[in-house]
Amino acid sequence: MLKRGVSIFRGSKTFVEANRCGHVAVAPRCTPKRLGLVVENSGTTFSRGCSVRYKCVQSRHYFGWFSERLGPMSATKRPIEEVGNVKPHETEEDKRRKLTENKERLMREIHNAGRDQDAEKAVGLFDRALDLGYPLNQKALQTILHLIAGGEEWMDHLYLSKEEYDSPEQKRRRSLSARDADIYKYLKSNSIEMNEFMYTGLARIATLSGNPEGALRIANDCKVKDKGSAKAKPRLRTYTPALLGFCHAGNLEKAMEVESELRRLEIGLTEHEYRAMLSCATRTKNETYGTYILECMLREITKVEEQTAQVLEEYFNMKNEILEDGQDGNYVV
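Residues numbered from 1 in each chain as written. Predicted model: local features only at pLDDT ≥ 70, side-chain atom pairs only at ≥ 80, totals over all residues. Heavy atoms only, no water.

### Comments concerning the overall build of the chain
Piece 1. Broken down by element type, the chain carries 13 helices and 2 strands.
Piece 2. By residue count, 42% of the 333 residues in the chain fall in the buried class.
Piece 3. Surface summary for the chain: the accessible area is close to 19,800 Å², and the carbon and sulfur share equals 48%. (Helix = DSSP H or I, 4+ residues; strand = E, 2+ residues; numbered from the N terminus. Buried < 20%, exposed > 50% of the residue type's maximum accessible area, 1.4 Å probe, protein only. Areas by Shrake-Rupley, 256 points an atom, 1.4 Å probe, with all protein chains shown as cover.)

### Some thoughts on the nonpolar core
Piece 1. Leu 136 and Leu 141 are the most contacted members of the largest nonpolar core, which totals 67 residues.
Piece 2. The residues contacting Leu 141, other than those within four sequence positions of it, are Phe 126, Leu 136, Ile 183, Tyr 186, Leu 187, Ile 192 and Met 198. (Core = buried A, V, L, I, M, F, W, Y, C linked by side-chain atoms within 4.5 Å. Contact = heavy atoms within 4.5 Å.)

### As for the environment of Ala 215
Piece 1. Position of Ala 215 among the secondary structure elements: in helix 8 (residues 212-225).
Piece 2. Residue Ala 215 is classed as buried on the basis of its relative accessible area of 0%.
Piece 3. Spatially, the C-alpha atom of Ala 215 lies 6.9 Å from that of Arg 204, the residues being 11 residues apart in sequence.
Piece 4. Ignoring sequence-local partners within four residues, the contact set of Ala 215 consists of Ala 203, Ala 206, Thr 207, Pro 241 and Ala 242.

### Focus on the confidence of the model for the chain
The predicted coordinates should not be examined in detail at positions where pLDDT is low.
Piece 1. The predicted model of the chain has a mean per-residue pLDDT of 77, with 67% of residues at 70 or higher.
Piece 2. Here residues 5-86 is modelled with pLDDT under 50, and outside its nearest four sequence neighbours on either side it reaches 142 contacts, counting other chains as well. (pLDDT = per-residue confidence, 0-100.)

### Section: the packing of helix 1 (residues 92-116) against helix 2 (residues 119-132)
Piece 1. Viewed as axis vectors pointing N to C, helix 1 and helix 2 meet at an angle of 160 degrees, and their least axial separation amounts to 9 Å. Relative to helix 2, the element helix 1 is oriented roughly antiparallel. Seen along the crossing, helix 1 lies across helix 2 with a hand that is left-handed. Two secondary-structure elements touch here, helix 1 through Leu 106, Glu 109, Ile 110 and Ala 113 and helix 2 through Lys 121, Ala 122, Leu 125, Arg 128 and Ala 129.
Piece 2. In the contact of helix 1 with helix 2, the residues fall into 6 nonpolar, no polar and 3 charged. (Axes fitted to C-alpha atoms, helices over the stretch in contact; angles between N-to-C directions. Parallel < 35°, antiparallel > 145°, perpendicular 65-115°, else oblique. Left-handed = near helix turned anticlockwise from the far one by under 90°. Nonpolar A, V, L, I, M, F, W, Y, C, P; charged D, E, K, R; others polar.)

### Some thoughts on the packing of aromatic side chains
Piece 1. Within the structure shown, the criterion is met by 2 aromatic pairs.
Piece 2. With a centroid separation of 5.9 Å and 75 degrees between ring planes, the pair formed by Phe 126 and Tyr 186 is classed as edge-to-face. Taken together, the residues span a long stretch of sequence, with Phe 126 in helix 2 and Tyr 186 in helix 6 (residues 180-189) at a distance of 60 residues.
Piece 3. Both rings, one in Tyr 315 and one in Phe 316, keep their centres 5.7 Å apart while their planes meet at 65 degrees; by these two values the pair is edge-to-face.
Piece 4. Stacked on the ring of Tyr 165, the Lys or Arg Arg 174 has its end atom at 4.0 Å from the ring centre. (Phe/Tyr/Trp six-rings, centres within 6.5 Å; stacked < 30°, edge-to-face > 60°. Lys NZ or Arg CZ within 6 Å of the ring centre and 35° of its normal.)

Next comes the structure, spelled out in structure tokens:
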């Protein structure tokens, strides 16, 4: 026999009540075979031979028919049903676990957006996190910044024709890039430390917005931050947006200032940066800086790509026009 007040299932808060021996069932229910009842909190003792149907009110399971003599109790899990408008009780631990699962799912979705290079999805997840009050960590925010800055192909957005710049796709991309202010505000309000990758993303957005001066200030801020944090140590990619932005705008003087700053930081340039500076020197017909760039390339680059070879041809042909005053004769690299 079950004793008064005994719990019929481990972890359950449901108690039993008999429908025989002079006791009244709480919610009796007739079936073609026998009489059943819905059990609620009770402390009534069973008499041997009772036939009872149990339905769980406060736990997560539905208990089936037990043996007529209350032998070994076996339960079958079934969908939860509301009984008397009573819903299953959700503890604080359950709420915390559910909240943690939702946060982890959101982080995974942001990671997947970064893998798929989907900036729109990443920004949508950022807005969703703000609405639900889910905190975002440094890794998630740097992924979103990287995507709205153009991702791995960000430099392709720098060299666009007027038709491409005015296309709906580019307008949508610029609207996403404008969300950098919201992300920066979130970083500051939540005291999240910025690393070098975040500074790089902000510098790329500034350059793509036509503000290489702002990109240079951001890179210099990263240099200042480096004194207190090893994670913010500037790299070549931190200054590349400013250097390419000045070259694209035809401001070779400022581009060479960036190059000098990289030299002071003992950061070497690659062929791509030299090609951009030499192309700018060709367009501006600046032979002084052009000669310096060629000397640097001669020391640091052993083999050039086809695009660089074309820029070299353009530079030497420009120089030939200056020396020969327009006479025939072209250089071929």
